[in-house]
Amino acid sequence: MLTAAELCAQAKANVEEVDVQALQQRIAEGARVIDVREPAEYAAGHIRQAVNMPRGVLEMQLHQHPAVAGYDDALQRMAAEPIYLICRSGGRSALAAESLQRMGFKQVISVAGGMNAWEAEKYPLVSGE
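Keep in mind that this is a model prediction, so the values were computed, not measured.

## Comments concerning the overall build of the protein
Then step 1. When you go through the protein residue by residue, the secondary structure sums to seven helices and five strands.
Then step 2. Sequence-ordered secondary structure for the protein, helices as α and strands as β, is α-β-α-β-α-β-α-α-β-α-β-α.
Then step 3. Taking 129 residues into account, the globule formula puts the C-alpha radius of gyration at 14 Å, and the protein, at 14 Å, falls close to it.
Then step 4. Principal-axis analysis of the C-alpha atoms places the extent of the protein at approximately 40 × 40 × 25 Å.
Then step 5. The 129 residues of the protein split such that 43% are buried.
Then step 6. Sequence separation of 24 or more characterises 67% of the internal contacts of the protein that already satisfy a separation of 6 or more.
Then step 7. For the protein, the exposed area adds up to about 6,700 Å²; of that, 51% sits on carbon and sulfur atoms.
Then step 8. Both charge centroids of the protein, one from 12 positive and one from 16 negative side chains, sit 1 Å from each other.

Right, here's the structure in full:
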């Protein structure tokens, strides 16, 4: 039996990760960011450009992302560009990235260190949305 930490470590070994400095640069270039934390966590403080889709429902809600909602080929449109996933510390985003890879996404990236690392760098946050 695996512990949660072991499961996350395995996922991290199977997915691409970037640090928050790289994410900050990608956001400046228009990157698509999905925050996989729970709604209360997201409301407490998140990256302005991030869309909240909790890990527990990500696969079912992905086609509703504002960038592709309403298109018949929503998932294909989502797969056309990199997707950056962020959570609190990097574990849930790695697990979510691994799941999206199983769905066929090739450009899904987990943010190492998550919001903890983002906040440590004193990058901007918004709250209450």
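## Overview of the pairing of strand β5 (residues 108-111)
Then step 1. By the alternation rule, side chains of β5 split into Val108 and Ser110 and Ile109 and Val111, which are all buried.
Then step 2. The pairing of strand β1 (residues 16-18) with β5 spans three bridges and is classified as parallel. Among the inter-strand pairings, valine 18 is bridged to a residue of β5, identified as valine 111.

## With respect to the pattern of salt bridges
Then step 1. Applying the stated criterion across every chain, the model contains five salt bridges.
Then step 2. Across the pair aspartate 73 and arginine 77 runs a salt bridge, and its minimum N-O distance is 2.7 Å.
Then step 3. Owing to a relative accessible area of 35%, arginine 77 belongs among the partly exposed residues under this scheme.
Then step 4. Across the salt bridge formed by arginine 88 and glutamate 119, the nearest N and O atoms sit 3.4 Å from each other. Here the residue arginine 88 occupies a position in the loop between β4 (83-86) and α6 (91-103), and glutamate 119 occupies one in helix α7 (residues 114-120), the gap between them amounting to 31 residues.
Then step 5. You can call arginine 88 partly exposed: its relative accessible area is 27%.

## Thoughts on the sheet that holds β5
Then step 1. Strand order in this open sheet of five strands is β1-β5-β4-β2-β3, and the pairing throughout is parallel. Each edge of the open sheet carries a strand with a single partner, namely β1 and β3 (50-52). Between one strand and the next, the sheet's axes are offset by a mean angle of 35°, whatever the strand orientation.
Then step 2. Pairing of β4 with β5, which is carried by three bridges, proceeds in the parallel orientation. Within β5, the position partnered with isoleucine 83 by the bridge is valine 108.

Calculation rules
- Residues numbered from 1 in each chain as written.
- Predicted model: local features only at pLDDT ≥ 70, side-chain atom pairs only at ≥ 80, totals over all residues.
- Heavy atoms only, no water.
- Helix = DSSP H or I, 4+ residues; strand = E, 2+ residues; numbered from the N terminus.
- Rg over C-alpha atoms; globule rule 2.2 N^0.38 Å.
- Buried < 20%, exposed > 50% of the residue type's maximum accessible area, 1.4 Å probe, protein only.
- Contact = heavy atoms within 4.5 Å.
- Areas by Shrake-Rupley, 256 points an atom, 1.4 Å probe, with all protein chains shown as cover.
- Lys, Arg positive; Asp, Glu negative; His and termini not counted.
- Charge placed at Lys NZ, Arg CZ, Asp CG, Glu CD.
- Pairing = 2+ DSSP bridges.
- Salt bridge = Lys/Arg side-chain N within 4 Å of Asp/Glu carboxyl O.
- Axes fitted to C-alpha atoms, helices over the stretch in contact; angles between N-to-C directions.

Function-wise, these values are silent; they only describe arrangement.
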